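Analysis of the macromolecular model
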Amino acid sequence: MQLALTLVSPDPDAGAAAVSILPAALAGAGARVKEPRALGPGAIDLLIEGEDIAAVRAAAEAALIGRPVDICVQPWEGRRKRLLIADMDSTIIGCECLDELADFAGVKAQVSAITERAMRGELAFEGALRERVAMLKGLPLSALQQTYDERVRLNPGARTLVRTMGAGGARCVLVSGGFTFFTGRVAKAAGFHADRANTLGEGAGALDGTVGEPILGREAKLSALQYEAAGVDAPLSATLAIGDGANDLAMIEAAGLGVAYRAKPIVAAQADAKVDHADLTALLYFQGYRAAEFVTD
């Protein structure tokens, strides 16, 4: 079977060094490395002859441990996906919007502690969300726009990822356990076709401490993946999902390529690939896109 082993590093020298040590390492996994193909700065595709994806991935990860190189191993055929489902907080953007709102309410430490436990899978997402939102009761609605303006920034490569996949014919959907106030704005900034998230209760110019039901959590994200895939008549093998927290795990496991971005251990352990070093354009390289094909501003 022909496999694609893609290496992506923010350090081009690290990527080149990785190529030189992999043939011997992969031989032990019953895999043979063919000619490498440069995709862009620090990004290299290797065509591999092998039968066991898990064994090839494990051998490559072991050989490159401690090096700033992200690895993706998958079948060579069918890499370009027709649907992207992405988490928002700490994935497409560099913060947790709820934690930043809590900062304006003076309760960031308490809320952030709950967020961390929920993202690690130590707390049920729905209950943790209700508890955190309740702590925001009375926060002026103006804090929502202030949070977006002052705290929310797209992560490096996010807009290029979404716009390039869109130009390639893929549907791109932002699915968040956060809030529509932010997903609508982030989706527009990054170029997503649609967004889904939770709603915050409000009244008299302030948050009322409630969140709309039913809450969009782990199972709702999986349902969104399935619904959107059916909408573009694509099998799940033609989908890509990315996230960082436990509530992303179901969609990451179900997608054709599930990617953990700077993720919690429970997510990183189950994902098909991890992006710990490179920016979000790594997902384009994983699909075989060359840097010359990227849609950039």
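Placed above this text is the structure.
Read on for an overview of the structure. Because the structure is a prediction, the values reported are computed rather than measured.

1. Points about the sheet that holds strand β6 (residues 171-179)
- Pairing is parallel in the open sheet, where six strands are placed in the order β7-β6-β5-β10-β11-β12. Where the open sheet ends on each side, the last strands, each with one partner, are β7 (194-198) and β12 (273-275). If you compare each strand with its neighbour and ignore which way they point, the axes differ by 20° on average.
- Here β6 pairs with β7 via four bridges, running parallel.

2. Re the sheet that holds strand β2 (residues 32-40)
- Sheet architecture is open: four strands sit in the order β2-β3-β1-β4, paired in antiparallel fashion. The open sheet terminates on both sides in strands that have one partner only, identified here as β2 and β4 (70-75). In this sheet, neighbouring strand axes are inclined to one another by 20° on average, regardless of whether the strands run parallel or antiparallel.
- Bridge count between β2 and strand β3 (residues 43-49): six bridges; the pairing is antiparallel. Its bridge partner lying in β3, proline 36 is registered against leucine 46.
- Sheet contacts for helix α2 (residues 53-63): β1 (2-8) and β4; angle to β4, the most-contacted strand, approximately 165°.

Rules and cut-offs
- Residues numbered from 1 in each chain as written.
- Predicted model: local features only at pLDDT ≥ 70, side-chain atom pairs only at ≥ 80, totals over all residues.
- Heavy atoms only, no water.
- Pairing = 2+ DSSP bridges.
- Helix = DSSP H or I, 4+ residues; strand = E, 2+ residues; numbered from the N terminus.
- Axes fitted to C-alpha atoms, helices over the stretch in contact; angles between N-to-C directions.
- Contact = heavy atoms within 4.5 Å.

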